[in-house]
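Spelled out, the chains give:
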2 protein chains.
Amino acid sequence: MEGSGLKGHLREGLRFLEEAREFKESFEARLSPLRELSPSKPFTYLSVGGGELGDLVVSAAKRLLGGPKGGIRTVVFDRYDGCPAQDVADSFEGFDMMKGDLLEARVRKYIPNPSESHAIYLEIEKIDTRRMCELGIRYGYRVMSTPYGPLICMDRHLTKLMFDELKVPRLEWAYAESQREIELIAEGFGLPVIVKPIMTSSGHGTSIVRTQEDLKKAYRYALEHARGIGDRVIVERFLEDLKTKGTEITQFVVRHFDDEGEIITSVLPPVEHRRPGATYHESWMPSTISRKAIERCQESAKKIAELIGGLGLYAVEQFVIGDEVYNNEVANRPHDTGMVTRWTLNADEGAIQLLSTIGLQVTPFDISPSRPNVFGVAHVILAPDFEGESEGGAERAVLGWMAKDVKDFMARKGYSGDVWYFGKPTAYPHRRMGLAVAFHEKLEEARREAEEIAHYAEGKIIYS
Amino acid sequence: MEGSGLKGHLREGLRFLEEAREFKESFEARLSPLRELSPSKPFTYLSVGGGELGDLVVSAAKRLLGGPKGGIRTVVFDRYDGCPAQDVADSFEGFDMMKGDLLEARVRKYIPNPSESHAIYLEIEKIDTRRMCELGIRYGYRVMSTPYGPLICMDRHLTKLMFDELKVPRLEWAYAESQREIELIAEGFGLPVIVKPIMTSSGHGTSIVRTQEDLKKAYRYALEHARGIGDRVIVERFLEDLKTKGTEITQFVVRHFDDEGEIITSVLPPVEHRRPGATYHESWMPSTISRKAIERCQESAKKIAELIGGLGLYAVEQFVIGDEVYNNEVANRPHDTGMVTRWTLNADEGAIQLLSTIGLQVTPFDISPSRPNVFGVAHVILAPDFEGESEGGAERAVLGWMAKDVKDFMARKGYSGDVWYFGKPTAYPHRRMGLAVAFHEKLEEARREAEEIAHYAEGKIIYS
């Protein structure tokens with residue numbers, strides 16, 4: 001909406017991006033390649049959030065670098081005991097990470113002096129992100145990729161301003177502060193529209209509004225599910241052709257030191273994905289988009305990563321229709337859709353995040369396909385809706401799972417498939433409990449099989 | 001040597017094999033598929049030995065099954081603090097595992113009741129193996145593959161008797177109890193001969209005797225390096241053509257439950273390897289041997305595994321010349337040469353050992369090549385000889401390693417390569433510190449590159 005509010009936010013946003021850019025220079029000047037890993041003075045790797053993505057990063061520290069005796073110790077924070085990364089980490093702290101003072105105190109407990117060698121990976125958004133970023137900006141904590149990164153990427157408005165600054169293509173959008181404003185914008189764009197809170201990630205609070213009925217609930221829904229704060233939302237024009245002719249891509253790029261000690265941006269092959277709702281559902285490699293589209297995806301993602309800077313993975317969510325690419329959202333870290341890299345790249349996204357953010361080289365081999373001749377598809381294994389309970393419903397304990405039935409199913413069907421069970425102690429409706437994977441020379445077969453394994457596995461987890 | 005000593009040992013050996021076979025029946029009757037993994041009553045997986053092979057098994061429990069909250073808790077024993085598997089395991093105990101009472105007490109600490117669901121993996125030989133096997137035979141502890149397995153496989157005499165019982169091809173051999181007897185046998189076979197202690201594994205104490213000079217030291221060498229007890233050695237006729245026309249294979253097979261609840265034996269593709277000495281040096285997949293030789297390797301290995309029985313991996317070391325196969329030694333567990341499976345099979349040998357021994361299915365996909373179109377070669381990264389110190393020389397502390405140089409080297413060379421640094425806290429001469437891996441469509445290129453990476457990495461570890 002035009003108006004002084006927007007102009008004020010715009011000015012504020014542009015100033016913030018300028019600040020981020022200035023900070024990037026000084027931040028990168030302080031970064032250096034990691035020459036030696038030493039067990040007597042280990043590098044501290046802190047994953048704030050210990051879900052399945054944190055698990056991949058922590059596991060990589062053990063599997064590639066030898067863990068603490070190899071010179072790297074891993075610390076995991078999460079809100080609950082028994083998170084996936086906990087049983088692999090060297091230290092764990094369970095507490096409410098939305099409480100900034102608590103969070104800061106725990107960071108300082110493990111990294112008393114920010115000039116010691118360390119890196120901090122913000123795995124999730126349900127933390128006091130501002131406080132974490134402040135620790136980076138004010139005190140020199142190495143919050144990766146840069147301490148400004150999460151502040152830009154979590155903010156849909158700043159993200160869009162950044163796209164415009166970089167002149168990379170994006171969806172048409174407008175900005176609203178009330179239900180009334182949303183309705184006006186929707187009238188202009190025509191339904192459907194996408195409504196999302198300004199501060200969010202992983203699709204939380206996002207809805208596709210198709211009817212006037214839904215439109216009435218859009219504002220409240222967005223704010224209720226927002227992972228950040230504030231009362232502002234973004235309204236996007238819906239790409240009509242997306243469902244029928246288009247697809248979705250996560251384009252990963254990684255900022256890392258090369259062998260000359262310079263920070264460079266390397267480009268990964270695109271990950272393609274589909275989702276019936278707003279959250280991650282299935283993804284695969286290699287992608288099926290055109291060579292031209294791949295180039296455009298990679299070009300945009302590279303520009304974005306180079307603007308924000310620092311070290312580590314960037315995951316840029318993009319819509320692709322034919323050769324056209326629309327940048328949508330950015331995460332400056334590993335991404336749900338990238339878990340498939342555990343089976344499809346030589347180094348998975350956790351290993352790539354680890355290597356790059358501690359100051360090592362990521363080799364062209366690391367980011368190349370490990371199985372170039374087949375499609376590898378990952379499909380989420382979800383908890384049920386527990387008889388219609390909403391996502392905020394009571395947690396159920398996980399009593400167990402019937403691993404043998406799942407393995408037997410894959411063997412009986414003759415599928416080239418695999419299952420990663422996360423081992424979460426509790427579940428709420430539709431919580432992600434694991435990942436099913438299938439490989440096939442034909443994408444549609446691989447998708448069908450991964451889905452079938454996932455659905456079978458869903459029936460084999462026992463809840464209280 | 002003919003004589004009452006040998007006849008006595010022969011009788012004793014045959015009786016032991018008969019006992020093993022009878023025990024197998026009752027042992028297998030007590031095994032059952034693992035229907036459910038439950039975090040409130042977790043399955044206990046004990047790795048007696050926490051080296052790099054133990055690390056693969058423990059990691060698999062986390063990476064596939066979700067660790068303790070997925071219903072499986074891992075316990076690692078080793079003689080020293082900081083072993084590779086320790087930082088991934090849920091519990092660790094460091095003590096002298098050659099002390100049977102201590103060993104038994106620790107086993108009972110974690111598995112008070114042998115009827116609880118558990119499995120025990122004897123990762124190394126430098127433990128009181130007899131006591132461990134006794135715990136299985138007398139008290140029902142699930143020492144895998146069967147409690148008799150290690151007793152047969154560590155004993156070169158029993159192994160050869162078993163080969164003869166199964167009518168699988170083997171080297172010509174004789175049996176000696178003194179230096180004088182070795183010399184008589186060598187006269188009969190002609191030099192070179194191979195001399196090895198009866199009780200050993202991983203090539204420890206084995207020597208290839210090429211000269212009369214060496215022959216004089218053979219008996220003492222074998223007994224000094226034996227990992228078991230006793231004063232008996234085996235003398236084998238050397239296969240003259242092996243170096244020039246032959247190769248070495250480790251043929252893995254795995255005993256596991258199928259989807260009908262029956263224990264079956266599945267066959268893996270052969271691993272090929274070379275060694276300048278008696279211990280593991282480099283290995284690769286796929287192997288280059290003939291189809292006929294592969295069939296014979298697999299046929300022998302299957303027979304051996306089915307005779308000893310139980311659940312888990314069997315690694316049969318074989319010499320192959322043309323289509324001819326000579327069975328050499330057997331390990332009823334994962335094997336050094338099989339570490340390459342981490343990069344070449346869909347499930348690595350640790351995962352296969354875990355899945356099979358806890359009572360899950362191993363699928364055809366698990367044991368199929370993940371990269372069928374390239375050779376993957378693993379080459380050991382060794383500690384230096386520390387200016388001529390012998391293997392028993394004083395341990396040196398590992399001060400650190402220059403991981404970035406190693407990654408940079410691979411990137412600069414443009415190699416498709418990877419490094420697994422084990423993170424051992426100390427080193428003695430020629431201790432295995434890590435593994436370098438390279439992939440290439442041409443085997444000789446892949447071997448050269450893996451070796452080059454390994455040698456480069458060897459220069460990048462810093463010792464006290």
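Nothing here was measured: the structure is a model prediction, and the numbers come from that model.

Procedures and definitions
Residues numbered from 1 in each chain as written. Chains lettered and ligands numbered in written order. Predicted model: local features only at pLDDT ≥ 70, side-chain atom pairs only at ≥ 80, totals over all residues. Heavy atoms only, no water. Helix = DSSP H or I, 4+ residues; strand = E, 2+ residues; numbered from the N terminus. Rg over C-alpha atoms; globule rule 2.2 N^0.38 Å. Buried < 20%, exposed > 50% of the residue type's maximum accessible area, 1.4 Å probe, protein only. Least-squares fit on C-alpha atoms with pLDDT ≥ 70 in both. Contact = heavy atoms within 4.5 Å. Buried area = accessible area lost by both parts, 1.4 Å probe. Salt bridge = Lys/Arg side-chain N within 4 Å of Asp/Glu carboxyl O. Pairing = 2+ DSSP bridges. Axes fitted to C-alpha atoms, helices over the stretch in contact; angles between N-to-C directions. 1 Å grid on protein atoms, 1.4 Å probe; cavity = no way out; pocket = protein on both sides within 12 Å on 5 of 7 lines; lining within 4 Å. Points joined across faces, edges and corners; volume = space filled by probe spheres on them. Nonpolar A, V, L, I, M, F, W, Y, C, P; charged D, E, K, R; others polar. Disulfide = S-S within 2.5 Å. Domains from an automatic or database assignment. Parallel < 35°, antiparallel > 145°, perpendicular 65-115°, else oblique. Phe/Tyr/Trp six-rings, centres within 6.5 Å; stacked < 30°, edge-to-face > 60°. Lys NZ or Arg CZ within 6 Å of the ring centre and 35° of its normal.

Caption draft 1: Examining the overall build of chain A more closely. Check the secondary structure of chain A and you find 14 helices and 21 strands. Computed over its C-alpha atoms, the radius of gyration of chain A comes to 21 Å, within 12% of the 23 Å expected for a compact globule of 464 residues. If one aligns the C-alpha atoms of chain A with their principal axes, the spans along those axes are about 65 × 60 × 45 Å. A burial count over chain A gives 64% of its 464 residues as buried.

Caption draft 2: Spotlight on the relation of the copies chain B and chain A. The two copies are related by a screw operation: chain B maps onto chain A through 180° of rotation and 0.0 Å of translation along the axis, at an RMSD of 0.0 Å. These values place the two chain copies in the arrangement generated by a two-fold rotation axis. The position closest to the rotation axis in chain B is occupied by the C-alpha of Val88 of chain B, lying 2.6 Å away. The overlap is high: 100% of the interface residues of chain B also sit at the interface in chain A, so the same surface is used on both sides.

Caption draft 3: Region of the structure containing the interface of chain B and chain A. In this assembly, 64 residues from chain B lie in contact with 64 residues from chain A. Across the interface of chain B and chain A, roughly 5100 Å² is buried in total on both sides, 50% from carbon and sulfur atoms. Contact with chain A buries surface across chain B, with Arg63, Phe365 and Lys404 of chain B losing the most and accounting together for 16% of the total. Along the contact surface separating chain B from chain A lie 8 salt bridges.

Caption draft 4: Representation of the sheet that holds strand β3 (residues 91-94) of chain B. Residues and elements named next belong to chain B. With respect to topology, 5 strands assemble into an open sheet ordered β3-β2-β1-β4-β5, the strand pairing being parallel. Two strands in the sheet have a free side with no partner beyond their single neighbour: β3 and β5 (143-144). Judged from the 2 bridges that link them, strand β4 (residues 118-122) and β5 form a sheet pairing that is parallel. Counted as the bridge partner of Ile120 is Val143 from β5. Seen against the sheet, helix α4 (residues 129-139) touches β1 (43-48), β4 and β5 and runs at an angle of roughly 155° to β4.

Caption draft 5: View of the environment of Ala85 of chain B. Residues and elements named next belong to chain B. You can see Ala85 is positioned in the loop between β2 (72-78) and β3. Spatially, the C-alpha atom of Ala85 lies 22 Å from that of Pro39, the residues being 46 residues apart in sequence. Leaving out residues up to four positions away in the same chain, Ala85 has contacts with Gly50, Gly51, Gly54, Asp55 and Val76.

Caption draft 6: Seen up close, the sheet that holds strand β21 (residues 461-463) of chain A. Residues and elements named next belong to chain A. Here 3 strands make up an open sheet; going across it, the order is β19-β17-β21 and the pairing antiparallel. Each of the sheet's edge strands pairs with one partner strand only, and the pair in question is β19 (426-427) and β21. Inspection of the sheet shows strand β17 (residues 396-401) paired to β19 by 2 bridges, in the antiparallel sense. Its bridge partner lying in β19, Arg396 is registered against Ala427.

Caption draft 7: Spotlight on empty space enclosed by the protein. Here the structure, examined in full by the defined rule, presents 4 cavities of 30 Å³ or more. Its boundaries defined by the atoms lining it, the largest cavity holds a volume of some 770 Å³. Along the wall of the largest cavity there are 44 residues; nearest its centre are Arg63, Arg342 and Asn346 of chain A together with Arg63 and Arg342 of chain B. Those elements that place two or more of their residues in the lining of the largest cavity are α2 (52-63), α11 (341-344) and α12 (349-358) of chain A together with α2 (52-63), α11 (341-344), α12 (349-358), α13 (403-413) and β18 (417-421) of chain B. Per-class residue counts for the lining of the largest cavity are 22 nonpolar, 8 polar and 14 charged. Quantified by volume, the second largest cavity comes out at close to 80 Å³. In terms of lining residues, the second largest cavity is bounded by Trp401, Ala403, Val406, Lys407, Met410, Asp418 and Val419 of chain A together with Leu64, Leu65 and Leu355 of chain B.

Caption draft 8: Structural context of the state of the cysteines. Residues and elements named next belong to chain B. This structure, assessed with the given rule, holds 0 disulfides over all chains. Cys153 forms no disulfide, and the closest cysteine sulfur to it belongs to Cys133, at a distance of 9.8 Å. Overall, the relative accessible area of 4% leaves Cys153 in the buried class.

Caption draft 9: Highlighting the domain arrangement of chain A. Domain parsing of chain A yields domain 1 (31-144), domain 2 (172-238) and domain 3 (242-463). Of note, the centres of domain 1 of chain A and domain 2 of chain A, computed from C-alpha atoms alone, are 34 Å apart.

Caption draft 10: Looking closely at the packing of helix α6 (residues 156-166) of chain A against helix α10 (residues 291-308) of chain A. All names here are of chain A. Look at α6 against α10: their axes get within 10 Å of each other, and the N-to-C directions meet at 110°. For the element pair α6 / α10, the angle class is roughly perpendicular. On α10, the residues that touch Met162, Phe163 and Leu166 of α6 are Lys303, Ile304, Leu307 and Ile308.

Caption draft 11: Here's a closer look at the packing of aromatic side chains. All names here are of chain A. In this structure the tally under the stated criterion is 24 aromatic pairs over all chains. Each ring, one from Phe77 and one from Tyr110, has its centre 6.1 Å from the other, and the planes form 55°; the classification is tilted. Of this pair, Phe77 sits in strand β2 (residues 72-78) while Tyr110 is found in helix α3 (residues 100-110), placing the two residues 33 residues apart along the sequence. Across the pair, exposure class does not vary: Phe77 and Tyr110 are buried alike. Arranged with centres 4.8 Å apart and planes meeting at 85°, the rings of Trp420 and Phe422 form a pair that is edge-to-face. Clustering of aromatic rings is evident, with ring pairs tying together Phe16, Phe23, Phe27 and Tyr148. It is Arg342 that lies over the ring of Trp420; its NZ or CZ is 4.7 Å from the centre.

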